[in-house]
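What follows is each chain in one-letter form.
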Amino acid sequence: MKVLRKFTLLAGIFISTNTPLLAFGDTNDHKNSNDWRKIADTEKQLSHLIKVIPGTADIMIQMGERYKNLYWAAKLDKWEFAAYQMEEMQSLIRKLMITRPKRTTSANIFLQNGFNKLPVAIEAKSWQQFRDAFANMRKECLACHIKNNHAFIRLPSVPPKGSGLALFAE
Ligand code: HEC
């Protein structure tokens, strides 16, 4: 009788403590078993992160958008928005220098030569100066494409209208 009570008690503890834990473990396994962010060691997490940081093509799609927005912001007299586009383009190139070290040398040349006239033109809110500065930047974009074996990626000197919503606001 005593033995039986002890057994029941033990079984009770086992069931009450372990069953919920097992059930919890199951749901967790279901959710996390393939989730490297939660279960992998730091080395593996880091190697995965390095694989998914934005590459040149990802960054260039954004550069293309900002190229259009920059041009049309100036054309539509939205100079603050133009300045903002230019700054974002500069920071994209700095990001590229981190994510794709092999582009650093040509990216640096672009940072130095691509933006040497734009800030003054934007500050002066001068369409005349801007056109010249924009053409100069375009030349530097293309020079970098040539240096990086992508000469076939050309850019229109008058880009189609940008998609930035601020361009369309009253
Ligand atoms: C550091 C060199 C460099 C600079 C500076 C640069 N590009 Fe690029 N760009 C590239 C490379 C390299 C590619 C090809 C993408 C790849 O290799 O993954 C590319 C691709 C592109 C693409 C095609 C993206 C696609 O996948 O369809 C566009 C658009 C583009 N660049 C726009 C620009 C514009 C606009 C500028 C200047 C404002 C510019 N790029 C400046 C190196 C550069």
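Look a little higher up for the structure.
What you see as residue numbers is a count from 1 along each chain, following the sequence as written. Two thresholds apply to this predicted model, a pLDDT of at least 70 for residue-level local features and 80 or more for giving and counting side-chain atom pairs, whereas whole-chain, interface and lining totals are computed over all residues.

S.K.: Before we move on, can you summarise the site of the ligand with the specific residues and values?
M.R.: Among the 21 residues in the neighbourhood of the ligand, the closest are listed as Met 60, Gly 64, Phe 110, Cys 141 and Cys 144. Numbering goes from the N terminus for both helices and strands, where a helix is a DSSP run of H or I of at least four residues and a strand is a run of E of at least two. Contributing elements (two or more residues each) for the shell around the ligand: α4 (56-75), α6 (104-114) and α8 (127-147). For the shell around the ligand, the per-class residue count stands at 13 nonpolar, seven polar and one charged. Only the C-beta atom matters for nearness: placed from the backbone, it must lie within 6 Å of the molecule or strand for the residue to count as near. When residues are grouped by polarity, Ala, Val, Leu, Ile, Met, Phe, Trp, Tyr, Cys and Pro land in nonpolar, Asp, Glu, Lys and Arg in charged, and all others, Gly among them, in polar.

S.K.: How would you summarise the environment of Ile 153 if you had to cite specific residues and measurements?
M.R.: Inspection of the secondary structure puts Ile 153 in the segment after α8. The class of Ile 153 is partly exposed, set by 13 C-beta atoms lying within 10 Å. The spacing of Ile 153 and Cys 141 is twelve residues in sequence and 9.8 Å in space, taken between C-alpha atoms. The exposure scheme places C-beta atoms from the backbone and then counts, for each residue, the other C-beta atoms within 10 Å of its own, assigning buried at 20 or more, exposed at 12 or fewer, and partly exposed in between.

S.K.: Run through the packing of α4 against helix α5 (residues 79-99), naming residues and quoting values.
M.R.: Running from N to C, α4 and α5 cross one another at 160°; their axes reach a closest spacing of 8 Å. Relative to α5, the element α4 is oriented roughly antiparallel. Crossing of α4 over α5 shows left-handed handedness. Listed contacts from α5 to Thr 56, Ile 59, Gln 62, Met 63, Arg 66, Asn 69, Leu 70, Ala 73 and Ala 74 of α4 are Trp 79, Phe 81, Ala 82, Gln 85, Met 86, Glu 88, Met 89, Leu 92, Lys 95 and Leu 96. Considered class by class, the residues forming the contact of α4 with α5 number twelve nonpolar, four polar and three charged. Only the stretch in contact is used when fitting a helix axis, every axis being a line fitted to C-alpha atoms; angles between N-to-C directions are given from 0 to 180 degrees. Angles below 35 degrees are treated as roughly parallel, those above 145 as roughly antiparallel, those between 65 and 115 as roughly perpendicular, and all remaining angles as oblique. The hand of a helix crossing depends on one turn: near helix anticlockwise from the far one by less than a right angle means left-handed, and clockwise means right-handed. Contacts are defined on C-beta atoms placed from the backbone: any two residues whose C-beta positions lie within 7 Å are in contact.

Keep in mind these numbers describe shape, not what the thing actually does.
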